[in-house]
Structures are given as C-alpha cells and as structure tokens.
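# Close look at the chain arrangement
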Amino acid sequence: MLLWINGPFGGGKTQTAHEIRRRLPGSVICDPEHAGFGLRRMLPPELRGARGRRPLIEDFQDLVSWRQGVVEVLDLALTGHDGVVIAPMTVTDPGYFAETVGRLRELGHDVRHFTLLAERETVLKRLRERGFGHLLGFAAGRNAGLRRESWAVQQLDHCLERLAKPEFAEHLWTDHTTVAKTADRIAVLAGLQLAPNREGRLRTRLRQAGVGLRHIRFD
C-alpha cells in the first residue's frame, strides 16, 4: 500500500509521514521531493535562480523526468518492499496528479491519497516555526521564518484553493488536532493499525524539531 500525503507547503505532511513510520512497523518513507531537488541541483547554479537570477524552471514538478521518475521509483518500492510506503508530497496540478498518483493506481497499486488542509493563518504559523523558525523569530522578528519560506508563502493561496477540490480528497482538516491524531485518522481510513502513541510531549517536540531540521533546504 502507498500512503500519498498531500497538502500545502507547511501543512504537516512530513511530520505526519514520520509519525506514521515511527508507529507502523515495516513502513518506509519514499520522499518524491528528493528526486525533484536532485534534478534541480543538476542545473548550473545560475539556472536555479542563484545570485538573484530568475530560475530556468520555477517548479521541478514541471519536468516530465520528475513525474516519470517518481512513478518508476515508487513502483519499484511498492513491488519490492514488504510493507507500507509513505510519500509526503504536495501536488496541486490535476494533470500532474493523474501522471503520478493516477498512474500508480493504473499499475495496480493500492494507493490511498490524503490531503492535509488547514486555515491560512494556521499554515502561516507553522511556516514561521518550521526548521529554525523559533530561533529566527527570537533573533530577527516574528516574520523572519516567513521570509525564509517566501516561496511556500507565495504558493499558499493557490495550494489551498486547488487542494480543496474534490479530486484531491480524502481531505483532513488539521487546525485543531495534533500530528499524532492526524496519523491516527489516516491509519483508520486506510485500514492500518498504528502502535499506541506513548511518547511524552517534550520528546515529541524534540523529535519533530529534528525532523524539521533534517528537511531544511538551502538551495
């Protein structure tokens, strides 16, 4: 089974994916973003938008090689791995959705798709706090984290509007729930049994901070 966790940037996809992996024995995370950043890094720096230049491609999802590569790798993972595969990835274009999630279903895989949604202010708050957000906020002001996440903020309204459409269901609203409870809801809807969550609040905060730090992108 593939759990594809969709949602806006800063919507909690990665944290939810890691929560499920932590509590579901045999599950693995296969992050399609890795392929996208790898393709982007193949370009010379000036074509990625470095030094203030306009990037040659605004979004690596526009590359056919990314969409085809994600399907090929996830197909291999689902065929060869004896356990649930989790893919946290924002996809808002219906055509690209059909070429990835839809294509994997056509190949015969059991794909369960979930979109994590939240109100705009909730997502902005999460973006402020993501990665080094708390430290930046303390040192440089409340919106320092948002300046670092400027691309995600620019995409936010577009993401929320697109992802609320029926073709991107199942929709899960996360404004007033925890990552652990969101993972529980996904597991129930997918017919999976997660191990009980016995982690304390402090340990959870530290672990989630570590996940956030490991997923900071500098280019």
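Treat the numbers as computed from the prediction; the structure is a model and nothing was measured. (Residues numbered from 1 in each chain as written. Predicted model: local features only at pLDDT ≥ 70, side-chain atom pairs only at ≥ 80, totals over all residues. Heavy atoms only, no water.)

## Digging into the overall build of the protein
- Scanning the protein from terminus to terminus reveals 10 helices and 5 strands.
- Counting every position in the protein, which comprises 219 residues, the buried fraction comes to 41%.
- In the protein, 76% of the contacts between residues at least 6 apart in sequence involve partners at least 24 apart.
- Accessible area for the protein stands at about 11,900 Å²; split by element, carbon and sulfur atoms hold 54% of it. (Helix = DSSP H or I, 4+ residues; strand = E, 2+ residues; numbered from the N terminus. Buried < 20%, exposed > 50% of the residue type's maximum accessible area, 1.4 Å probe, protein only. Contact = heavy atoms within 4.5 Å. Areas by Shrake-Rupley, 256 points an atom, 1.4 Å probe, with all protein chains shown as cover.)

## What to know about the packing of aromatic side chains
- Taken as a whole, this structure holds 3 aromatic pairs when the rule is applied.
- Seen from their ring centres, Phe 60 and Trp 66 are 5.6 Å apart, and the 50° between their planes marks the pair as tilted.
- Assessed through its relative accessible area of 10%, Phe 60 is described here as buried.
- Members of the aromatic cluster, each reached through a chain of ring pairs, are Phe 37, Phe 60 and Trp 66. (Phe/Tyr/Trp six-rings, centres within 6.5 Å; stacked < 30°, edge-to-face > 60°.)

## Re the sheet that holds strand β4 (residues 111–117)
- Spatial ordering of the open sheet is given by β2-β3-β1-β4-β5, a layout of 5 strands whose pairing is parallel. For this open sheet the edge positions go to β2 (28–29) and β5 (171–173), each flanked by a neighbour on one side alone.
- One ladder, built from 2 bridges, connects β2 with strand β3 (residues 85–88); its direction is parallel. Note on β3: the bridge partner recorded for Ile 29 is Ile 86. (Pairing = 2+ DSSP bridges.)

## Structural notes on the pairing of β4
- Within β4, 6 of the 7 residues are buried, leaving the element largely enclosed by the surrounding structure.
- Judged from the 5 bridges that link them, strand β1 (residues 2–6) and β4 form a sheet pairing that is parallel. Bridge assignment links Trp 4 to a residue of β4, and that residue is His 113.
- Pairing between β4 and β5: 3 bridges, direction parallel. From the neighbouring strand, Leu 116 faces β5, where its bridge partner is Leu 172.

## Details of the pattern of salt bridges
- One pass over the structure, following the stated rule, counts 12 salt bridges.
- Between Glu 129 and Lys 125 there is a salt bridge; the shortest N-O distance is 3.1 Å. Pair noted here: Glu 129 and Lys 125 are both in helix α5 (residues 120–129), with a separation of 4 residues, about one helical turn.
- Glu 129 gets classed as partly exposed once you look at its relative accessible area, which sits at 32%. (Salt bridge = Lys/Arg side-chain N within 4 Å of Asp/Glu carboxyl O.)

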